Amino acid sequence: MRQATITRNTAETEITVEINLDGTGVYDNQTGVGFFDHMLDQLSRHSLIDMTIRADGDTHIDDHHTVEDTGIAIGQALVKAVGDKKGICRYGHFALAMDDTQVSTALDLSARPFLVWNVDFPTAKIGTFDTELVREFFQALSTHGGITLHVDLVHGINSHHIAEAAFKSVARALRMAVEIDPRMANSLPSTKGAL
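Residues numbered from 1 in each chain as written. Predicted model: local features only at pLDDT ≥ 70, side-chain atom pairs only at ≥ 80, totals over all residues. Heavy atoms only, no water.

Chemist: How should I be thinking about the packing of aromatic side chains in this particular structure?
Modeler: The geometry of two aromatic rings is summed up by the distance between their centres and the angle between their planes. Throughout the structure, instances matching the rule amount to six aromatic pairs. Measuring from ring centre to ring centre gives 5.1 Å for F35 and F129, while their planes differ by 45°; the resulting arrangement is tilted. Here F35, found in helix α1 (residues 34-47), pairs with F129, found in strand β9 (residues 129-130); they are 94 residues apart in sequence, far enough to count as distant. Looking at F35, the relative accessible area reads 13%, which means it is buried. Ring-pair connections join several aromatic residues into one group, and the members of that group are F36, W117, F137, F138 and F167. (Phe/Tyr/Trp six-rings, centres within 6.5 Å; stacked < 30°, edge-to-face > 60°. Helix = DSSP H or I, 4+ residues; strand = E, 2+ residues; numbered from the N terminus. Buried < 20%, exposed > 50% of the residue type's maximum accessible area, 1.4 Å probe, protein only.)

Put into structure tokens, the structure is as follows:
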């Protein structure tokens, strides 16, 4: 079973993440940050990765630690759930349109984390949520998930749509990458013999 549970406790946050890579996109995410929960729901639904997330963070300061540490924990859970990577497709890409916005994602579950982030937001906040935290989440996910992750905003004028399209685009690319390729179910998708 390609499932994992990660618990991360620090002086700033207490987070538990449960994922099932072979799910149907069922989610139950409660971080105490409303807009972020909405984005995590999109990540789960569109990747078809079941997610249950509980976070208790120092949101009386701001949302930064909760968002970043949740990204860390999801990345660690992905690494654990994907295991030895035999049979996975490894690569994923998706261009997602949402109203005024288009976001393109390409990623590689390479164990070589690298984030290329070409996304600018026209506003500093979406409601009370700092838009700069979207990048912080994906930086943490990339670093701790061992993901080479490229996210590019093609165009967009609404910050909510840009953030949501980014989460959905990454989700669809991740869905592609973690799926098992029936033509090579017992092989690593690499000529090196290791990933």
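Past the structure itself, the notes keep going.
Chemist: Got a minute to help me understand the sheet that holds strand β6 (residues 101-108) in this structure?
Modeler: Each strand in a sheet pairs with another by means of backbone hydrogen bonds, the pair being arranged parallel or else antiparallel. Here we have four strands laid out as an open sheet, ordered β5-β6-β10-β7, and mixed in their pairing. If you trace the sheet from one side to the other, it starts and ends with β5 (91-98) and β7 (114-118), each paired once. Recorded for the sheet is a direction-independent mean angle of 10° between the axes of neighbouring strands. The sheet strands contacting helix α3 (residues 132-145) are β7 and β10 (148-155), and the helix crosses β7 at an angle near 160°. (Pairing = 2+ DSSP bridges. Axes fitted to C-alpha atoms, helices over the stretch in contact; angles between N-to-C directions. Contact = heavy atoms within 4.5 Å.)

Chemist: Just checking my understanding: could you explain empty space enclosed by the protein for this structure?
Modeler: One simple way to see leftover space: roll a probe sized like a water molecule over the atoms. A full pass over the atoms with the stated rule returns one cavity of 30 Å³ or more. Put simply, the largest cavity is a space of about 60 Å³. Contributing to the lining of the largest cavity are L78, V79, V82, K85, L109, G145 and V178. Grouping the constituent residues of the lining of the largest cavity by class yields five nonpolar, one polar and one charged. (1 Å grid on protein atoms, 1.4 Å probe; cavity = no way out; pocket = protein on both sides within 12 Å on 5 of 7 lines; lining within 4 Å. Points joined across faces, edges and corners; volume = space filled by probe spheres on them. Nonpolar A, V, L, I, M, F, W, Y, C, P; charged D, E, K, R; others polar.)

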